[in-house]
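# Analysis of the macromolecular model
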Amino acid sequence: MIGQLNQRGWHYALLFALAGVLFFANLGGASLWDVDEGRNITCAFEMMMSGNWVVPTFNANLRTDKPALLYWMQILSFRAFGVNEFAGRLPSALAALCTVLLCYELARSMFSRTTGLFAGVIVATTPMLCGAARF
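Residues numbered from 1 in each chain as written. Predicted model: local features only at pLDDT ≥ 70, side-chain atom pairs only at ≥ 80, totals over all residues. Heavy atoms only, no water.

## Quick notes on the overall build of the protein chain
Quick note on the threshold: Helix and strand assignments follow DSSP, with helices taken as H or I runs no shorter than four residues and strands as E runs no shorter than two, numbered in order from the N terminus. Think of it in three bands: residues with accessible area under 20% of the maximum for their type are buried, residues over 50% are exposed, and the middle band is partly exposed, with areas taken using a 1.4 Å probe on protein chains only. Working rule for contacts: check all heavy atoms of both residues, and any pair within 4.5 Å makes them a contact. All accessible-area figures derive from a Shrake-Rupley calculation using a 1.4 Å probe, and residue coverage is judged against the displayed protein chains alone. When charges are tallied, Lys and Arg are placed among the positive residues and Asp and Glu among the negative ones, while His and the ends of the chain are skipped. Throughout, a charge is located at the NZ atom of Lys, the CZ atom of Arg, the CG atom of Asp or the CD atom of Glu.
In terms of regular secondary structure, the protein chain is built from 6 helices and 2 strands. Secondary structure elements of the protein chain occur, N-terminal to C-terminal, as α-α-β-β-α-α-α-α. The buried share of the protein chain, taken over its 135 residues, is 33%. Within the protein chain, contacts between residues separated by at least 24 positions form 66% of all contacts whose residues are at least 6 apart in sequence. When the accessible surface of the protein chain is split by element, carbon and sulfur atoms take 69% of a total near 7,900 Å². Here the protein chain holds 9 positive side-chain charges and 7 negative ones, and the gap between their average locations is 11 Å.

In structure tokens:
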């Protein structure tokens, strides 16, 4: 039992390190380049400034393109790190990290420890997840 917990710890350390390099390194370095990225961050900023966490708006117009959870997480990130690119992208990077860990745990419980590790590494290095984690 102790060996399994120790091995899980090493697997988590490896997955966290991989995600740190792929998802979090220089997260706020690039300016907002995608149209939707700017709109999402502006919407969260407007919600934060108005104090209305229920109705998402962009330029005072109702915005129902995304679930409110994204905006709420961005607002919390803005409050913790200030209004900047890093804070706006952090919720997406954390969601990608959770996806990697969930995939690892699912494959580990369904198949084996080694399969879980391979599944976590494979999903972490998938180009689409890497891209989604950074915008």
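After that view of the structure, there is still more to cover.
## Overview of the environment of Pro-91
Relative to the helices and strands, Pro-91 resides in helix 4 (residues 85–110). Of the residues examined, Pro-91 reaches a relative accessible area of 11% and is grouped as buried. The sequence separation of Pro-91 and Leu-76 amounts to 15 residues, and the corresponding C-alpha distance is 9.2 Å.

## Side note on the packing of aromatic side chains
Worth spelling out the cut-off: Here a Phe, Tyr or Trp ring, Trp counted by its six-membered ring, pairs with any other such ring whose centre lies within 6.5 Å, and the pair is stacked when the planes are under 30 degrees apart, edge-to-face when over 60, and tilted otherwise.
Tallied over the entire structure, the rule returns 3 aromatic pairs. Geometrically, the ring pair formed by Tyr-12 and Phe-16 is tilted, given 6.3 Å between the ring centres and 35° between the ring planes. Pair noted here: Tyr-12 and Phe-16 are both in helix 1 (residues 2–24), with a separation of 4 residues, about one helical turn. Classification of Tyr-12 as partly exposed rests on a relative accessible area of 25%. For the ring pair Tyr-12 and Tyr-104, a centre distance of 5.6 Å and an interplane angle of 85° mean the geometry is edge-to-face. Pair noted here: Tyr-12 is in helix 1 and Tyr-104 is in helix 4, with a separation of 92 residues, a long-range link. Taking relative accessible area as the criterion, Tyr-104 reaches 0% and is therefore assigned buried. Among the aromatic residues, those joined into a ring-pair cluster are Tyr-12, Phe-16 and Tyr-104.

## Here we look at the nonpolar core
Cut-off, in case you're wondering: Here, the term nonpolar core denotes a set of buried Ala, Val, Leu, Ile, Met, Phe, Trp, Tyr and Cys residues that are joined through side-chain atoms within 4.5 Å.
Judged by nonpolar contacts, the single largest core of 17 residues is most densely connected at Leu-15, Phe-23, Ala-96, Val-100 and Leu-129. Within the residue set of this core, elements represented by two or more residues are helix 1, helix 4, helix 5 (113–124) and helix 6 (127–133). Counting residues in hydrophobic clusters, the runner-up holds 9 residues, among them Met-47, Ile-75, Phe-78 and Ala-87.

## Quick word on the layout of surface pockets
The condition that has to hold: Of the grid points, spaced at 1 Å and generated over the protein atoms alone, those admitting a 1.4 Å probe that cannot get out make up cavities, while open sets with protein on both sides within 12 Å along at least five of seven lines make up pockets; any residue with an atom within 4 Å of a point is treated as lining. Grid points are joined across faces, edges and corners, and a volume is the space filled by probe spheres set on the points. Note on residue categories: nonpolar means Ala, Val, Leu, Ile, Met, Phe, Trp, Tyr, Cys or Pro, charged means Asp, Glu, Lys or Arg, and polar means any other residue, Gly included.
Roughly 220 Å³ of volume is contained in the largest pocket. Along the wall of the largest pocket there are 13 residues; nearest its centre are Leu-70, Pro-91, Ser-92, Ala-95 and Ala-96. At 5 residues, helix 4 tops the list of elements feeding residues into the lining of the largest pocket. Looking at the lining of the largest pocket residue by residue, the class counts come to 11 nonpolar, 2 polar and no charged.

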